[in-house]
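One letter stands for each residue in the lines below.
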Amino acid sequence: MTIKFVLLVNKQGQTRLAKYTDSSLTTDERRALEAEIVRKCLTRADKQCNIVEHRSYRVVYRRYASLFFLMGIDAEENELGISEMIHCMVETLDKWFSNVCELDIMFSLETTHHIIDEMIANGCIVETNKAAALTPVQLLERIS
Amino acid sequence: MSTCSGCGVAQMQSTLTAAAARAVGRQLAGAWGGRLLPAASRARPAALTGARSVSVSAAQAAEAAPEAAAAAAPGGDGAAATQRRQRVLSGVQPTGSLHLGNYLGAIRNWVKLQEEYDTFFCVVDLHAITLPHEPKELLHSTHASAALYIACGIDPAKASIFVQSHVPAHAELTWLLSCITPIGWLRKMIQFKEKSKKAGAEEVGTGLLTYPVLMAADILLYQTDLVPVGEDQRQHLELARDIAERTNYLYGGKKAKKMGCKNTRLLKVPEALIPPAGARVMSLQDGTSKMSKSAESDLSRVNLLDPPDVIVQKVKRAKTDTFDGLEWDNPERPEARNLLTIYQCVTGMTKEEVLADVGSLRWGDFKPRLADALVAHLQPIQARYAEVSSDEGALDAILAQGADAANEQAYATLDNVKMAMGFGTVHGGRRPSRMTLRLRDLIKQVRQCKTAAEERDVVAKESAALRQAFKEQDGTYRHRNVAKLMYIHMLGYPTHFGQMETLKLIASQGFPEKRVGYLGLMILLDERQEVLMLVTNSLKNDLNSRNQYTVGLALCALGNICSAEMARDLAPEVERLLASQNPYLRKKAALCASRVLRKVPDMLESFMERAPGLLEDRSHSVLLAGVTLMLDICAQAPPAVEAFRMHVPLLCKLLRSLIMGGFTPDYDVGGINDPFLQVAILRLLRLLGRGSADASDAMSDVLAQVATNTDSARNAGNAILYECVQTIMAVESIGGLRVLAVNILGRFLSNKDNNIRYVALNTLARVVSVDAAAVQRHRATVVECVKDADISIRRRALELVYALVNEGNIRTLTKELLDYLDVCDAEFKPDLTNKVCLLVQRYAPDKRWYIDSLLQVLVQAGAHVKDDACRALILLVVNAAQLHGYAVRAAYRALSQHQEAAQPSLLMVSTWCLGEYGELLVGAEGGKLLEGEAPVSASEAEVVGLLDAVAQHTGPGAAVCREYALTALAKLAPKWPGSADRIRALVAAYRHSPQLEVQTRSVEYSRLFAHGPIGAQVLDHIPPVEETAYDASLEPTEGSAAGAAASSSASAAADLAALLGLDAGMAGMGAAPVAGAPAAPPAATQASAVSALADLLAGDLLGGSGGSAVPAPAAQSAAAADPLAGLFGAPAAPAPAAPAAAAGPTLAAFQKGPLTVTFQLSRGPTPADTDILAVYSNSGGAPLEAFALQAAVPKQMTLRLEAASSVALPPHSSGAVTQRLHVHNALHGQKALVMRLRISYSLEGQAVLEQAEVDGFPAGY
């Protein structure tokens, strides 16, 4: 019941953020995995369901404008819950960047990572309240 | 714009569903930097403003959060979604000193407005420069104004406070609007008339004329509903309304639609908001004129920031009159009225109360009381002002946040207007400025790369630079460098060289460094790396830090990457933090603990005791983490389940309070209270209830409540229902509950949303083992889902169908699946085919159905049928003696009907059947037709013709098919003497096939036909096959080894096995039909010898061009010809017709002992080609046996040998043996033909080996 990875990928298939809690993969394997999954997800029609099976993972994805948010989960995890989680994550990012766009995430990679870390740790959901997730990030941003 | 303008737009809790959000997102997708969330589904981050200030603690932030969450009710699923709040915008000019008139007249009202409306407060610094100004002063007063407004009670958590110049859209829209504003409209403005008169019309700045347009822009940018205006501003608001209407008229409506605008009403026409009869405060010196900051005498006004003694002084010196007492409504006593008004305002009494209180006092007594009241009223404001303005950072943060909120709105409007006016929208959002420039440069460089190679170059260069930097141990940019490393890592390049740097960052004291360090640790390293050991100490320090966020970072990192050793070392810290006072740390520690447990299971006991303690927590996130920890513990140690069962009542209580507990804004998702926590609790209940009737009983009520009360209109609700159904089905629940769950699944299954259907299928697949009957009820729907457009759904459904099939329904389900197989798309076919094959194999009710179904699959999707399925079918046919006739009829039907489009697998299987049992097809031998079978009429000729067609089949797998066809033909030959000649001819036609295997078959079978009765025996039916032995014989053997073994082995059986091995290796399917054939010595030896020869020749001739050759039976040289030719580089000519032996010169090539070799030369198709007919004769008294001739030529030539007419030369020159050679000389005309021969034969049992060189070819050859 864990989230194995979080991927942010744009329409062109470029990875914008990757976060793995599954440490069994090497860099090359990850790259290959990303390419395969992205190819699968990007070709899907909008009406089709947001769940794709790939190898041993189930990938739940959602598309926001030009950016795809993907989460790889194991068979135990609740797909609908994860879908909700993705939305929660996007809203949190949106709140932080106010009008988050792909550029925000690209150029503020650290912050984005940090926000996601506040929400997901060890493959589990930690925090789903946007304000609570952003508080530590705010403080850190202020200091740096 | 000295007072205000105001605005308010609906707070936009939208009712967009996620799907709609997606749809809107799609519209935005075109722009690269497009926003991810459509404006409608987001909420203005108002609460953040407050939370951002340093002085606000986490706890306060959490208090502020409810509004944020309420305002930002996610996903647009908001419960209070429909309520719109009107938007109000107020602007104030920056000024260091506000006076009582401003405060009582306007600001105090705004404080009330913010409760009721969505408010924006803007410090309009751009307006402050229409008249000459002092830059330093402007900067100061801008800040001071903002601080003053906050001090007066405007709450950054409720209203957005921002500075006009921080939102560039104001200036931009002003230009757009000023171009459509007639100058006459502006000239009419009274303010312009007055001020320009004062300064001289030619001297004033253009801004003084056009600033009303700027003001209009201020208002219109925010789609303001209401603007609070005083009388003096009325004209400006009218102008703004005119401009808005003109813009909408010129560019809005259909025109905007044509330009692709989302919002065709470009600008909202604002209304005036008449403030509730605000106090009109007059000058202290003159009761008839307004208290004004521009009045000359400072005594005429009370400034908000005046110290108490100054206030006392000013009140004391205020203008009075000579009447006694005080009264409100005497027109001759404006001063009395003014002071009473002030008094009334600051004390909050009504007019009557005021009159009763002070009406009888004289001026001298009243003034001190007024001064005291004023001081008391202003004092808290002044204190708050001091506080706010002393913390510049906090104020900046508030303004930044306000600007963000304003920018969002402003750009939404501006983009729309620009689009309507024909400007492209490439505005890609504001670029955040937090990143170091160099990382930004790197990203830009990478983005500019057009090819992967370019990108590699850039990254390699950067990596080299980084390495250098790390080597130089320069600490200043370490932080930035690690950030770059993370980026490079994300692109998929190696970054191991930077790992030490992250460790150094973690060890450093600075917070930003630590943070990047930990990020790097989590991203760049994984637990396998040994450097990780080095970080343990830093982690330990940080876990003991007094700063909660440092501890949080460390916990997060530990939770993500901790290894077994680290877990052991740091477990005590984690355990201690689990009991921390701080919920932020507790939640992180809980998740960290589950990681520690996974690594070191023997820590279980201590965590097992602590974990349930977290269930008492008040914070949702800690609860969630606690439940997750318990789940993990249960997964790690099944005995824990037993221990945790006692907490079932508590969990039920928690769950119940979540469903019934009403609205809690913090964790609400679309009206559903913390779905994430609910899901986790349900999951834990599942583990605890499984196998325990008591526990299941205890939770059944709450499960029923969840199942009935959860709103299934929302995704979050469905997530809970999904989890709940799984729990109900997994625990020992009573029937009624099960029915409820199955009904929910039924609803899910018929849902339109594909996600829901997906999880429904998923759940059914899990439930099928528990309650197969419930699932069978949905069989029809499930089968429909197999045909869905979405592959994920199809896969799930197929899985489920697979689980649903049993002996009882196999016929109907397989029929459904086969029907679908025809229409499904290519990607899905392999899976489906495979599943159908497996189902047929597993559940086939009888063999006839088995044969029918698999043949059907082969017809429909032959390309995807696995070899072993074909093999199994053949095996089944072989072993089912009574079905031979039926099988061959079915095969014939399948083949003759689908011959054109048939895949190799169908061709092979049916060809095999025809070859094996073809004779049953003709006449009455095949036995009666089975019930329901269509009659087949086939003649020998038709069957042979069909097989011939198979042999000529082209496309993938053609070679193997050809082998099968040849074998089938060969097998039929002895059974059908009438067609034998035709078959021989057909088989012989492939003697020159470029495919070695096909050629081998052709030559072998041709030979076999010559052996009469033996041949017939060899080609008889295959006897029933033992399955296990058959499987063992399929073990792959290496081709060349087999060949080598065959050459030395005398055992026919071994040869056969080896040959089969070779077949299996080279042709896959090819092995099957021959596999069971009884050993046929002549054929086998020949065939294996051919292989051996091919090998040997390949070995020898490749090395020495034209040199040595090994002895080989002459007969095989035919087979050798092709490989030989191949070796010498000639294009293999498929079955060349032997050219007519034109009379040409004759050459005595060799003469020794009894053997004479003569070459008859003739010209080939080109001058470079020579055809040689070698004639061998034996003049001796004894026959020459096993005659073989091999020839080699220099490398400019190529040589092709055909088979000799015989391998034995009769004695006394009584019969000549001939063999054809074809030579191609690439250097014809420059180099003469030359050839080396190697001849072997045996004479009276004695092997003879001769070599000779042939030259002296006549000129011209």
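Residues numbered from 1 in each chain as written. Chains lettered and ligands numbered in written order. Predicted model: local features only at pLDDT ≥ 70, side-chain atom pairs only at ≥ 80, totals over all residues.

- Looking at an unreviewed UniProt entry, chain B carries the name tryptophan--tRNA ligase, with the source organism given as Micractinium conductrix.

- The name recorded for chain A in an unreviewed UniProt entry is AP complex subunit sigma, from Micractinium conductrix.
- In its Subcellular location (unreviewed entry) section, UniProt records this for chain A: "Endomembrane system".
- Quoted verbatim from the Sequence similarities (unreviewed entry) field of the UniProt record, the comment on chain A reads "Belongs to the adaptor complexes small subunit family." (UniProt positions renumbered as here; feature names shortened; annotations may be inferred.)

### A few points about the packing of helix α40 (residues 847-861) of chain B against helix α42 (residues 884-898) of chain B
Residue and element names in this part refer to chain B.
In step 1: Between α40 and α42, the least distance of the axes is 11 Å, while the angle of their chain directions is 15°. On the basis of their axis angle, the class for α40 and α42 is roughly parallel. Crossing of α40 against α42: the hand is right-handed. Mapping the contact onto sequence places R848, I851, D852, L855 and V859 in α40 and Y886, A887, A890, A891, A894 and H898 in α42.
In step 2: Grouping the constituent residues of the contact of α40 with α42 by class yields eight nonpolar, one polar and two charged. (Axes fitted to C-alpha atoms, helices over the stretch in contact; angles between N-to-C directions. Helix = DSSP H or I, 4+ residues; strand = E, 2+ residues; numbered from the N terminus. Parallel < 35°, antiparallel > 145°, perpendicular 65-115°, else oblique. Left-handed = near helix turned anticlockwise from the far one by under 90°. Contact = placed C-beta atoms within 7 Å. Nonpolar A, V, L, I, M, F, W, Y, C, P; charged D, E, K, R; others polar.)

### Some remarks on the pairing of strand β13 (residues 1217-1225) of chain B
All names here are of chain B.
In step 1: For β13, the buried fraction is high: eight of the nine residues fall into the buried class.
In step 2: Of the strand pairs in this sheet, strand β12 (residues 1197-1201) and β13 are connected by five bridges, and their pairing is antiparallel. By the bridge assignment for β13, L1199 is matched with V1223. (Buried ≥ 20, exposed ≤ 12 C-beta atoms within 10 Å, placed from the backbone. Pairing = 2+ DSSP bridges.)

### Some remarks on the sheet that holds strand β11 (residues 1184-1192) of chain B
Residues and elements named next belong to chain B.
In step 1: Strand order in the open sheet formed by three strands is β11-β14-β15, with antiparallel pairing between adjacent strands. Lying at the two open borders of the sheet, with one neighbouring strand each, are β11 and β15 (1246-1254). For this sheet, the mean angle separating the axes of adjacent strands, direction not counted, is 15°.
In step 2: The sheet contact formed by strand β14 (residues 1235-1243) and β15 spans nine bridges and is antiparallel. Considered in β15, the bridge of S1242 is made with A1247.

### A word on unusual backbone geometry
All names here are of chain A.
In step 1: Phi at A65 takes a positive value of approximately 50°, unusual for a residue other than glycine.
In step 2: Along the chain, A65 falls in the loop between β4 (57-64) and β5 (67-73).
In step 3: Classification of A65 by C-beta neighbours within 10 Å gives buried; the count is 26.

### Observations regarding the environment of A590(B)
In step 1: By the secondary structure assignment, A590(B) is in helix α25 (residues 583-599).
In step 2: In the structure, A590(B) is positioned 39 residues away from L629(B) in sequence and 6.1 Å away in space, judged by C-alpha atoms.

### Some remarks on helix α32 (residues 715-730) of chain B
In step 1: If you check α32(B), its first and last C-alpha atoms are 23 Å apart, about what 16 residues at 1.5 Å a residue would give, namely 22 Å.
In step 2: The buried fraction of α32(B) is high, at 15 of 16 residues. (Expected span 1.5 Å × (residues − 1).)

### Brief notes about the nonpolar core
All names here are of chain B.
In step 1: One finds A891 and L969 to be the most contacted residues of the largest nonpolar core, which totals 253 residues.
In step 2: If we skip the residues at most four places from it in the chain, A891 touches L855, V909, S910, C913 and L914.
In step 3: With 97 residues, the next largest nonpolar core counts A147, L267, I398 and A403 among its residues. (Core = buried A, V, L, I, M, F, W, Y, C linked by C-beta atoms within 7 Å.)

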